[in-house]
Amino acid sequence: MANITQTCTVCSKQFLVIDKEQQFLQEKSLPLPTNCPTCRQTRRLKLRGERALYRAKCSKCDKEIIVSYDPKTVTNQILCKHDYEQYFLENDPIITDPLPDA
Ligand SMILES: [Zn+2]
Ligand SMILES: [Zn+2]
């Protein structure tokens, strides 16, 4: 197998898909990448950054808080830091989750 030259769809730069990478992609039935390594890296970082923040209201005190997950996807109650700590003090859990950003 020879190296393939692909053109990045973002920055139009050409980049190589080496032999080994092609084999790997073929094994996993994945298409050839359409972004150069630099753009892929940038996209990954951006995605991580945009995994951003949502506004939500504390289920207990109605205070507006910022959480790092989509409140619509959460089935448990959303609590501000204070009520969250209070909740765990009262319930004495065995497993503690990381504190939400507040
Ligand atoms: Zn690129
Ligand atoms: Zn609260």
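Residues numbered from 1 in each chain as written. Chains lettered and ligands numbered in written order. Predicted model: local features only at pLDDT ≥ 70, side-chain atom pairs only at ≥ 80, totals over all residues. Heavy atoms only, no water.

1. Structural notes on the coordination of the zinc ion (ligand 1)
- Those protein atoms acting as donors to the zinc ion (ligand 1) are Cys 8 (SG), Cys 11 (SG), Cys 36 (SG) and Cys 39 (SG), and they sit at 2.2 to 2.4 Å.
- If you look at the zinc ion (ligand 1), its 4 donor atoms make angles of 104 to 118° with each other, and the shape they trace is tetrahedral.
- One chain supplies every donor for the zinc ion (ligand 1), spaced along it as C-x2-C-x24-C-x2-C. Taken together, the residues span a long stretch of sequence, with Cys 11 in the loop between strand E1 (4-7) and strand E2 (14-17) and Cys 36 in the loop between helix H1 (19-27) and helix H2 (37-50) at a distance of 25 residues.
- By relative accessible area, which is 32% here, Cys 11 ends up partly exposed.
- Using a relative accessible area of 4% as the deciding quantity, one classes Cys 36 as buried. (Donors = N, O, S within 2.8 Å, 3.2 Å for Na, K, Ca; no water. Tetrahedral: all angles 85-135°; square planar, octahedral: opposite > 155°, others 65-115°. Helix = DSSP H or I, 4+ residues; strand = E, 2+ residues; numbered from the N terminus. Buried < 20%, exposed > 50% of the residue type's maximum accessible area, 1.4 Å probe, protein only.)

2. Let's talk about the pattern of salt bridges
- Overall, the coordinates contain 3 salt bridges when judged by the stated rule.
- Residue Lys 60 is joined to Glu 90 by a salt bridge in which the shortest nitrogen-to-oxygen separation is 4.0 Å. You can see Lys 60 sitting in the loop between strand E3 (54-57) and strand E4 (64-67) and its partner Glu 90 sitting in helix H3 (residues 81-91), a full 30 residues away along the chain.
- The exposed category is assigned to Glu 90, whose relative accessible area is 52%. (Salt bridge = Lys/Arg side-chain N within 4 Å of Asp/Glu carboxyl O.)

3. What about unusual backbone geometry?
- In this structure, Ser 12 takes a positive phi of about 60° despite not being glycine.
- Mapping Ser 12 onto the fold places it in the loop between E1 and E2.
- For Ser 12, a relative accessible area of 54% translates into the label exposed.
- Phi is positive for Ser 29, close to 55°, though the residue is something other than glycine.

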